[in-house]
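Here's the letter readout for the chains.
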Amino acid sequence: MSDTAVDRLTREEAEVELARLADLLTRANTAYHTDDAPEMSDADYDAAKLRNAAIEARFPDLKRPDSPSEQVGAAPAEGFGKITHSVRMMSLANAFDDADVTDFDARIRSYLNLSPTAPLKFTAEPKIDGLSLSLRYENGELIQAATRGDGEVGENVTANARTITDIPARIDGAPDVLEVRGEVYMSHEDFAALNTRQAERGGKTFANPRNAAAGSLRQLDSEITRARPLRFFAYSWGELSAPLAETQTGAINRLETLGFQTNPLTRTCDGPEEMLAHYREIEAQRATLGYDIDGVVYKVDDLALQNRLGSRATTPRWALAHKFPAELAWTRLEAIDIQVGRTGALSPVARLTPVTVGGVVVSNATLHNEDYIAGRDSKGEEIRGGKDIRIGDWVQVYRAGDVIPKVADVDLSKRPDDTQPYVFPTRCPECGSEAVREEGDSVRRCTGGLICPAQAVEKLKHFVSRAAFDIEGLGAKQVEMFYADDTLPIREPADIFTLEARDAAQIAKLKNREGFGEKSATNLFAAIDDKRRIPLNRLLFALGIRHVGEVAAADLARHFTSWDAFARAIDTAAPAAQRHVMAEEAVLRERRAAAEEGRRAAVTAARTQIWEAAPALDPAAKAAWDDLVGIDGIGAAVAVSLVTTLQQTAERASIDRLVAELDIQDMEAAATGDSPVAGKTVVFTGSLEKMTRAEAKARAEALGAKVSGSVSAKTDLLVAGPGAGSKAKKAAELGVETIDEDGWLALIGG
DNA sequence: GTGCCTCGAGTTCC
DNA sequence: CTCGAGGCAC
């Protein structure tokens, strides 16, 4: 019956067929999500969905309550809802040897202005190799569980978390709001038993306990999770309505009292020596613990100090992960392939005879760059005893940070007789353009620009990536597909936004394609339309301009607030950027000449000469340039990159076509938090007594202030400690408000 | 000019 | 996650 044309079905047949399709599609969905092994091809899946929709259209009254067409996001790639963490889930800075640990202690003391002998306690605990989870309790009730995700937004796995025995559904005597954070993991014993069971059932087995735990927690059907032996150690917290304790140790004890498992090897240490001793103790017990750990985590014990130390972009300053040495493996280097990145960088990738390293089979590994293969470091000095890496060699592989496979060493004694030194290509393997290495640069880059298909595709992938446009249903795979497409191509970002219109104008519709259906096509168009309105910072990041990452894009967006102001400023600054480049070239020439003639280089003179050469530089251009490089975090390299990109006609035309398709959201003029210093530009000068300079800067920025190094007309506030000199004088001249350290502390409330 | 520190870019496997 | 390099403080 499944072959009968829809318009020939009788009413009774239609009813039976709808039931069959509902069952088929539900099973296909489950198979896709739970076994990671789809039973149906995407095309068959879409065909079934289309048929279901067609029958429903003909017999609307027969539509079932469990109709597959009603299931939102029935497209298999969708999964869990998203949860924005109320307090970011940070990652940890890493240490690989004892010196990194003593440095950590020293760095904290210097940041806090503590003497080397002042008491400073730390905790040390095993770093569990699982996946982190944040549990939110309100009034003692578990209401939400979220994975780490990117630290900002994670996945909602509440139903699955409820099935884990180590996670209490309710707790007594906790603060009204308590977010408990910890690690979900699987013991060695349970992992082995699970794999045996999976193998017997013909299901898929897992490579290691970490993957098994991750796979089990991310089941759409929480009954499957329930059957998986997951465990949980609590080690941290997020949002709290009341403090748990005054120290890390106290807080962990409190979590234990509340009914959570905490790691029994957690210790409080008096300093680096005790921390390292505990590290060795944990390392010695590693094999007999019964679960995987990949290092030891140290934390400043005093929570008030943790608070003062604060965080860098992605890691807190008060914690450190001391990693165990990486596992190593030897294997044969079968080939060296060259990949082309979005900036044109040619990266060599090692194709290896597959080998197990730390529980995972590795068949590819990075070879970093040209020099690394040749056996030289960035300064051209020979490394690894001058061994060059050749195809056919036995190479040592490890997984850096237990993740990224790298080639670490070569065994020359096993080198076959017929090997040749590897010759790094000087032409792009993808487009044949010349690949050049700029002076002092370690990477060779394809000069093809937008002509190079590899660069174009990688740029598009970057454009749709998570921190950029993040278009649902348009990932790396789809981008490649559309790039290669002849009837409905996406060759540049603007093409994404004209996709629907172009599709509508064509006879061969996207929805009729293999792998696509009615629903997936409409979903994609809707997802694209959804992103037409885009915040300026995301747009600037998405453009993929060299040296402009997420942070620089945000800095630029905050400074210029609108696309028009940004583009105008860059265009205006262009002549000055050109002078800058010429001046730096002149400096290089002067340096070389001076070295030859054995005299001191007149660097400043060479620079000034170009800047002041005729024809005179437009003062507006100079002002725009100064304004640009005056932005905190934006220097000459970024500024030049912005100008060159926007001044290139082809590139600019492509950007203009994109901008015409968008509704760009302006940024708020200033961070208007409720803090009295939000949006203000603050300068610190003189010596500060109650805090260090770094600390003061971090605190001010956390409150939304911009901290600058020098006093100018744009400065709103000068915080002057004892010994303030020229800056205080200049502030007085400019009429900038000046306060002392105590005044500052009073202003920010502590 | 030198030495941090942070950001950007590239990378693997599931 | 790491490496290189840009940015900035000293």
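Provided above is the structure to which this section pertains.
Residues numbered from 1 in each chain as written. Chains lettered and ligands numbered in written order. Predicted model: local features only at pLDDT ≥ 70, side-chain atom pairs only at ≥ 80, totals over all residues. Heavy atoms only, no water.

**A word on the packing of helix H19 (residues 563-597) against helix H22 (residues 636-647)**
Where H19 meets H22, the axes come as close as 8 Å, and the angle between the chain directions of the two elements is 115°. With respect to H22, the axis of H19 lies roughly perpendicular. The chirality of how H19 crosses H22 is left-handed. Listed contacts from H22 to Phe566, Ile570, Asp571, Ala574, Ala577, His580 and Val581 of H19 are Ala636, Val640, Leu642, Val643, Leu646 and Gln647. A class-by-class count of the residues in the contact of H19 with H22 yields ten nonpolar, two polar and one charged. (Axes fitted to C-alpha atoms, helices over the stretch in contact; angles between N-to-C directions. Helix = DSSP H or I, 4+ residues; strand = E, 2+ residues; numbered from the N terminus. Parallel < 35°, antiparallel > 145°, perpendicular 65-115°, else oblique. Left-handed = near helix turned anticlockwise from the far one by under 90°. Contact = heavy atoms within 4.5 Å. Nonpolar A, V, L, I, M, F, W, Y, C, P; charged D, E, K, R; others polar.)

**As for the protein's contact with DNA strand B**
Among the 26 residues in the neighbourhood of DNA strand B, the closest are listed as Arg312, Arg342, Thr343, Ser347 and His547. Protein-proximal atoms of DNA strand B, defined as those within 4 Å of the protein, fall in sugar or phosphate at a share of 93%. Within the side chain of Ser347, a nitrogen or oxygen atom sits 2.5 Å from a phosphate oxygen of DNA strand B. A distance of 2.7 Å separates a phosphate oxygen of DNA strand B from a polar backbone atom of His547. Secondary structure elements with two or more residues in the surface near DNA strand B: strand E13 (346-357), strand E14 (360-366), strand E16 (404-410) and helix H18 (550-560). Sort the elements by how many residues they give to the surface near DNA strand B and E14 lands first, with five residues. In the surface near DNA strand B, the residues fall into twelve nonpolar, nine polar and five charged. (Near = heavy atom within 4 Å. Polar contact = N/O pair within 3.5 Å; in protein donor to acceptor, adjacent residues only side chain to side chain.)

**Some thoughts on the protein's contact with DNA strand C**
Not every one of the 20 residues close to DNA strand C is listed here, only the nearest: Phe96, Gly440, Gly633, Gly635 and Val638. A distance of 3.4 Å is found between a phosphate oxygen of DNA strand C and a backbone nitrogen or oxygen belonging to Ala636. The contact in question runs from a phosphate oxygen of DNA strand C to an N or O atom on the backbone of Ala637, over 3.2 Å. Elements with a contribution of two residues or more to the surface near DNA strand C: E16 and H22.

**Here's the deal with the nonpolar core**
Residues Ile496, Leu556 and Trp563 are the most contacted members of the largest nonpolar core, which totals 70 residues. Beyond its immediate chain neighbours, meaning those up to four positions away, Leu556 contacts Leu540, Val548, Thr561, Phe566, Leu628, Ile631, Ile634 and Leu642. Within the second largest apolar cluster, 35 residues are counted, among which are Leu131, Ala174, Leu178 and Val180. (Core = buried A, V, L, I, M, F, W, Y, C linked by side-chain atoms within 4.5 Å. Buried < 20%, exposed > 50% of the residue type's maximum accessible area, 1.4 Å probe, protein only.)

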